[in-house]
Amino acid sequence: RTVYLNGEYLPETEARVSIFDRAFLMADGVYEVTSVLGGKLIDFEGHLKRLERSLNELDMPKPEAFDELLDIHRELVRVNDIDDGLIYLQVTRGSDGDRDFAFPDPETTAPTLVLFTQSKPGLANSPQAEKGLKIISIDDVRWGRRDIKTVQLLYPSMGKMMAKKAGCDDAWMVEDGHVTEGTSNNAYIVKGGRIITRQLSNDILHGITRAAVLRFAREAQMEVEERPFTIEEAKTADEAFVTSASAFVMPVVEIDGASLGDGKPGPVARRLREIYLEESLKKAI
Ligand code: PLP
């Protein structure tokens, strides 16, 4: 696999980053994941805008190649011959060769920019979408700036492991009695045809797929309500689903052991998955 590191395309075994890099020592980095379908990028503009926002919120310098990111994505898709898959991009604050809580001088310390591809043949035809996900609920103990897409992913990783241990697929996190989001996705329930999902704030990541799906839902005259909901409300909902760049729209069929509806992916989630894939493929670049 060829990867990109700070201006160079390299074999993955030759790409090296300093042990003093602040992402390694302090999780001082932000990232984006963009899907590739049929060799084209899904929602690229949205991911680029959110990357810029994450960098701004953390006072992290933009990498020199920021304006070339589309070309870099396309080149990696080309050289790695990616038909369906993902592109992972990470920007870190770099390093001035020491460990210090204070940020290094941005005049003399360049950010680190890394991109790599992951091939996922048949990404849009995942068998999981036919089965749906089983979800457990866990406390949300993350920091208060979940709107920034940082590489601090230890708790979400632990949440995934807790779900696996319980024989489930993923976890929804709960704070002050209400669901915030999934470990790596935004969370939704459906009641009486209405789509309910938590409103945007610093409590959740502003999902790029969320924005697109809500837009398509409204265009299709579906009712959308942006408000918090509890796990109890979710357990008695008609259906539920999650959205993310890598899973698109993924139905949820069980929450904390309670089956939703008839225990199969619901019609609203199925329809939104179809619309999302169709519409975002049309706009793919
Ligand atoms: N929420 C969290 C915590 C995430 O990690 C992700 C994606 O990685 C999402 C939501 C979904 O965001 P997007 O649709 O932009 O992938």
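Attention here is on the structure that accompanies the text. Computed from a predicted model, the values in this text were never measured in an experiment.

Section: the overall build of the chain
On a plain count of helices and strands, the chain comes out with eight helices and 15 strands. Here the C-alpha atoms of the chain give a radius of gyration of 19 Å, agreeing with the 19 Å that 2.2 N^0.38 yields for 285 residues. Looking at the chain residue by residue over its 285 residues, the buried ones come to 39%. Taking contacts inside the chain between residues at least 6 apart in sequence as the whole, the part at least 24 apart equals 72%.

Quick look at the site of the ligand
Of all residues adjacent to the ligand, which total 13 residues, the nearest are Leu205, Gly207, Ile208, Thr209 and Ala245. Those elements that place two or more of their residues in the shell around the ligand are α6 (208-219) and β13 (239-244). With three residues, α6 is the largest single contributor of residues to the shell around the ligand. Split into classes, the residues belonging to the shell around the ligand amount to four nonpolar, seven polar and two charged.

Considerations on the packing of α6 against helix α8 (residues 267-283)
The contact between α6 and α8 brings their axes to 10 Å, and the two run at 105°. Between α6 and α8, the angle falls in the class roughly perpendicular. Contact residues: Ala212, Val213, Phe216 and Ala217 in α6; Leu272, Ile275, Tyr276, Glu279 and Ser280 in α8. Broken down by class, the residue content of the contact of α6 with α8 amounts to seven nonpolar, one polar and one charged.

Description of helix α5 (residues 154-165)
For α5, which comprises twelve residues, the first-to-last C-alpha distance of 16 Å matches the rise-based estimate of 16 Å (1.5 Å per residue) to within 8%. Regarding α5, the residues found buried are Pro156, Gly159 and Ala163. Along the long axis of α5, the arc covered by the buried residues comes to 50°, so they all point the same way. Opposite its buried face, α5 presents the exposed residues Leu154, Ser157, Met161 and Lys165, each directed more than 90 degrees away. Looking at the packing, one finds that the buried side of α5 touches β7 (133-139) and β8 (170-175). Residue Gly167 follows α5 closely and has a positive phi angle near 75°.

Quick notes on the sheet that holds strand β6 (residues 112-119)
As summarised here, the arrangement of the six strands in space is β2-β1-β6-β5-β3-β4, forming an open sheet in which the pairing is antiparallel. Each having just a single partner strand, β2 (8-11) and β4 (40-41) make up the two edges of the open sheet. Summarising the sheet, strand β3 (residues 29-37) and β4 pair through two bridges and their orientation is antiparallel. Bridge pairing links Val36 to Leu41 in β4. Helix α2 (residues 44-57) contacts β3, β4 and β5 (85-92) of the sheet and is inclined by roughly 180° relative to β3.

The rules behind these values
Residues numbered from 1 in each chain as written. Predicted model: local features only at pLDDT ≥ 70, side-chain atom pairs only at ≥ 80, totals over all residues. Helix = DSSP H or I, 4+ residues; strand = E, 2+ residues; numbered from the N terminus. Rg over C-alpha atoms; globule rule 2.2 N^0.38 Å. Buried ≥ 20, exposed ≤ 12 C-beta atoms within 10 Å, placed from the backbone. Contact = placed C-beta atoms within 7 Å. Near = placed C-beta within 6 Å. Nonpolar A, V, L, I, M, F, W, Y, C, P; charged D, E, K, R; others polar. Axes fitted to C-alpha atoms, helices over the stretch in contact; angles between N-to-C directions. Parallel < 35°, antiparallel > 145°, perpendicular 65-115°, else oblique. Expected span 1.5 Å × (residues − 1). Arc of directions from axis to C-beta. Pairing = 2+ DSSP bridges.

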